[in-house]
Amino acid sequence: MAIGFRQVRGFLLLVHSAAALQLRSATLSNTRLPLDQHNRSLLTGEADILKHPTDGSLYFYFNNWGACLGVDCCSSAVGCRDCCFLPWNTTCVGLNNHSVVVYHTTDLTTWEYLGVALPAAARPQPRHVEYRPHVVYNALTKLYIMWYNDFVPSPKVTFRYGVAASPLPQGPFVVVNSSVTTHAGVKLGDLDILVDGAKAYLVHGDTNMAVEELNAEFTGTTGRFAPFAVPADKRHLGSEGPVMFKRKGVYYILPGTGCCACRGGSNMYVFTSTSPLGPYKYRGDAGSNTTHRFDAHSPWNYPTRAQASALVHLEGDTFLWMGNQWTTSLAPGRPRNHDLLYWWPLEFEPDGMVSQVRYEESVQVKLPPKLAYKRVPTEDGRGRGGRGA
């Protein structure tokens, strides 16, 4: 059977298009923020990244601290990690601006601001300090579940975790558990959530950390947990910013030294296990500067100059790590909610250890072919569309 010109041309275009999809990549800057559809820099803060369960597009959730200034403590007696936004009950950060905003992107190049996913007014205690949002999808309930850290700033600081839910990834989220009961006995602090099939796990803590199994709805814990200890911190500032992921049947947890939005960021401890509930083995530090002698007053001790916030598995062996470069805002007035981000596609050694991270002004990230044009659903079901929307 003869093949016509149109068929040949169509076949070649199809092959070319498929190859183009396979080769798509994005360049992410570590020296400037992405811009949204209004040509505004992203609002940044502690964050999470959700990969949509069906179309693979990405939702970014940022804790918006508002226009509060960052705090640079590097010149203090103790050094960069000395102070935070204390006392919480008298500062800008401790009393205002505790909302979670959401962005959507299909290519890590074009971004759409979708609004506030969890406003302060939606929480039972709107004057409490809220931070570290983490969003996952529950296939059983078909709901998006957001965990966040909520603590009372005064008269006595009390930490706890809250959980909110929404049928849509952009929200609005409704609080379904304002005080989660945990069982591991570790100090409540920074956290991350890993979904592994039908199960999910919470990693959290401080000097002593733990992984706790979540219930079927991902809104609470079951009582099954596995504790592990991070290396001793000479400055007694514990550990923060854990991220958890699974690669080739191995579970990874990457926490860092305590930082509390400090200039210069923190390192990257590496723990691995063949089971989500451990035991976890400490593999080493992949995030300290190997060419710079540690100096408590220097912001250059860690190559990323950032504190871990989130990690997303894009496809294959591409795991994109994202951290916050605190006190680096380039916006007028230098507000904390425009601090720079640090992007790093993790690399791995033959034995599975995370390779030493490096400082780069920008990185190239391979994009999954699945990322494509889609319509973002709205509450009325009609949706809105557009490239990167």
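Before any of the text, the structure's been laid out above.
A brief report on the enclosed structure follows. (Residues numbered from 1 in each chain as written. Predicted model: local features only at pLDDT ≥ 70, side-chain atom pairs only at ≥ 80, totals over all residues. Heavy atoms only, no water.)

Evaluated as defined, the whole model comprises 14 salt bridges. As a salt-bridge pair, D351 and R283 come within 3.7 Å of each other at their nearest N and O atoms. Separated by 68 residues along the polypeptide, D351 in the loop between β20 (340-345) and β21 (362-366) and R283 in strand β17 (residues 281-285) bring together distant segments of the chain. Overall, D351 belongs to the exposed group, its relative accessible area being 55%. (Salt bridge = Lys/Arg side-chain N within 4 Å of Asp/Glu carboxyl O. Helix = DSSP H or I, 4+ residues; strand = E, 2+ residues; numbered from the N terminus. Buried < 20%, exposed > 50% of the residue type's maximum accessible area, 1.4 Å probe, protein only.)

For the rest of this paragraph, the subject is the layout of surface pockets. Reported here for the largest pocket is a volume of approximately 710 Å³. Residue assignment for the lining of the largest pocket shows that the elements contributing at least two residues are β2 (47-51), β6 (129-138), β10 (191-196), β14 (239-247) and β18 (307-315). When grouped by side-chain class, the residues that make up the lining of the largest pocket number 20 nonpolar, four polar and six charged. (1 Å grid on protein atoms, 1.4 Å probe; cavity = no way out; pocket = protein on both sides within 12 Å on 5 of 7 lines; lining within 4 Å. Points joined across faces, edges and corners; volume = space filled by probe spheres on them. Nonpolar A, V, L, I, M, F, W, Y, C, P; charged D, E, K, R; others polar.)

With 44 residues, the main nonpolar core has F60, L108, W321 and L346 as its most contacted residues. With residues up to four places along the chain from it excluded, the contact list for F60 reads D48, I49, V101, V102, Y103, T105, L108, W111, M322 and W343. (Core = buried A, V, L, I, M, F, W, Y, C linked by side-chain atoms within 4.5 Å. Contact = heavy atoms within 4.5 Å.)

Further remarks concern the environment of A226. If you trace the backbone, A226 turns up in strand β13 (residues 221-229). Linking A226 and E213, residues 13 residues apart in sequence, is a C-alpha distance of 8.9 Å.

This part is about the sheet that holds β17. Here four strands make up an open sheet; going across it, the order is β14-β15-β16-β17 and the pairing antiparallel. Two strands close off the open sheet at either side, each with one partner strand: β14 and β17. Averaged over all adjacent pairs, the angle separating strand axes in this sheet is 25°, with direction ignored. (Pairing = 2+ DSSP bridges. Axes fitted to C-alpha atoms, helices over the stretch in contact; angles between N-to-C directions.)

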